[in-house]
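Here are the chains, one letter per residue:
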Amino acid sequence: MSARDSDPRAELRRLYRGLRLDGFEIPTGDRRAVERSAGSPIYGELRPTATIRLLARLGLGRRDQFVDLGSGLGKVVLLAAMTTPVGRALGVELSATRVDVAARVLAQAQRERVAGTRRASFVRADMLRHPLDQATVIYTCSTAFSSAFMARLQRRMVELPRLRTLVSLQDFDPHPAFELREVVRLDASWKRGTKVHIYARRAGLMW
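Given the structure is predicted, the values throughout are model-derived calculations rather than measurements. (Residues numbered from 1 in each chain as written. Predicted model: local features only at pLDDT ≥ 70, side-chain atom pairs only at ≥ 80, totals over all residues. Heavy atoms only, no water.)

Enquirer: Where do I start with the nonpolar core in this structure?
Expert: What tends to happen in soluble globular proteins is that the nonpolar side chains get buried as a cluster. In terms of nonpolar packing, the biggest core is built from 39 residues, with Leu46, Leu54, Leu58, Phe66, Leu78, Tyr139 and Val196 touching the most fellow members. Those elements giving two or more residues to this core turn out to be helix H1 (8-16), helix H3 (48-58), helix H4 (75-83), helix H5 (96-111), strand E3 (120-124), strand E4 (137-140), strand E6 (178-186) and strand E7 (194-201). For this core, the element with the highest residue contribution is H4, accounting for seven residues. Those residues in contact with Phe66, other than ones at most four positions away along the chain, are Leu55, Leu58, Leu60, Val76, Ala80, Val86, Arg88, Ala89, Leu90, Val137 and Tyr139. Formed by 23 residues, the second largest nonpolar core is a distinct cluster that contains Leu69, Leu90, Met127 and Ala135. (Core = buried A, V, L, I, M, F, W, Y, C linked by side-chain atoms within 4.5 Å. Buried < 20%, exposed > 50% of the residue type's maximum accessible area, 1.4 Å probe, protein only. Helix = DSSP H or I, 4+ residues; strand = E, 2+ residues; numbered from the N terminus. Contact = heavy atoms within 4.5 Å.)

Next comes the structure, spelled out in structure tokens:
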């Protein structure tokens, strides 16, 4: 591993350097598509150091599929692939513009053989509709989601047969299938010390 590759944060900065889109502003067509899904086009992301800290707490292994719902420009997915032995890291994002940026960065990383990036992928899809049956750990930067959308998302999560851990920046209503394992404070693009809620699936419980 080269000196450049030794720090995944530096690698991430290099890969995204010079991009014209920062994720916060998207075309009107993209915004309308997200709004029609009842989701939120508002963008924000965990800082890279905070993301790495979170990923370390999740204990991702080779049998895991990590999914970022609303993956934006793809930074969390890439860091999951680069810094953990996760079997697959998938980003699901409805904004075509954001997905295009994530895919271009991933293609560059794969051409350069950046460690782990062959295990990452992105798809343009509605998070409430895209097949997620293989997901074992799901993360969502859900801060801007409405209460109604959070309720729909929770119902979807409960149905996933392999899901063991659910991570959300906004807390879910209590549900018998999940228990709140811990709340950690991590730095995000809009606020330092943002609450991140980590839920564990109770053994054998589905709704």
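Enquirer: Hey, could you run me through empty space enclosed by the protein in this one?
Expert: Where empty space is left can be seen by rolling a probe of water-molecule size over the atoms. Scanning all chains against the criterion turns up one cavity of 30 Å³ or more. The space that makes up the largest cavity amounts to roughly 90 Å³. Around the largest cavity, the lining is made up of 13 residues, and of these Gly44, Glu45, Asp68, Ser71 and Val76 lie nearest the centre. A breakdown of the residues in the lining of the largest cavity according to their chemical character gives five nonpolar, five polar and three charged. (1 Å grid on protein atoms, 1.4 Å probe; cavity = no way out; pocket = protein on both sides within 12 Å on 5 of 7 lines; lining within 4 Å. Points joined across faces, edges and corners; volume = space filled by probe spheres on them. Nonpolar A, V, L, I, M, F, W, Y, C, P; charged D, E, K, R; others polar.)

Enquirer: I tried to follow the sheet that holds E3 on my own but got confused; where do I start?
Expert: Spatially, the seven strands line up as an open sheet ordered E3-E2-E1-E4-E5-E7-E6, and their pairing is mixed. Each edge of the open sheet carries a strand with a single partner, namely E3 and E6. Averaged over all neighbouring strand pairs, the angle between strand axes comes to 20°, with direction disregarded. In this sheet, E4 lies alongside strand E1 (residues 65-69) in parallel orientation, the contact comprising four bridges. The residue of E4 that forms the bridge with Val67 is Ile138. (Pairing = 2+ DSSP bridges. Axes fitted to C-alpha atoms, helices over the stretch in contact; angles between N-to-C directions.)

Enquirer: Explain the layout of surface pockets to me, please; I cannot follow it from the model alone.
Expert: Estimated volume of the largest pocket: approximately 370 Å³. Lining the largest pocket are 22 residues, and of these Ser40, Ile42, Gly70, Cys141 and Phe145 sit closest to its centre. Tallied by class, residues from the lining of the largest pocket come to 12 nonpolar, seven polar and three charged.

Enquirer: How should I be thinking about the pattern of salt bridges in this particular structure?
Expert: Two side chains bearing opposite charge may form a pair once their charged atoms approach each other closely. Scanning the entire structure with this criterion turns up 11 salt bridges. One salt bridge connects Arg129 with Asp126, and the closest N-O pair in it is separated by 3.8 Å. Accessibility expressed as a relative area gives 16% for Asp126, which makes it buried. Between Arg192 and Asp187 there is a salt bridge whose closest N-O contact spans 3.4 Å. (Salt bridge = Lys/Arg side-chain N within 4 Å of Asp/Glu carboxyl O.)

The quantities given are spatial measurements derived from coordinates; they are silent on function.
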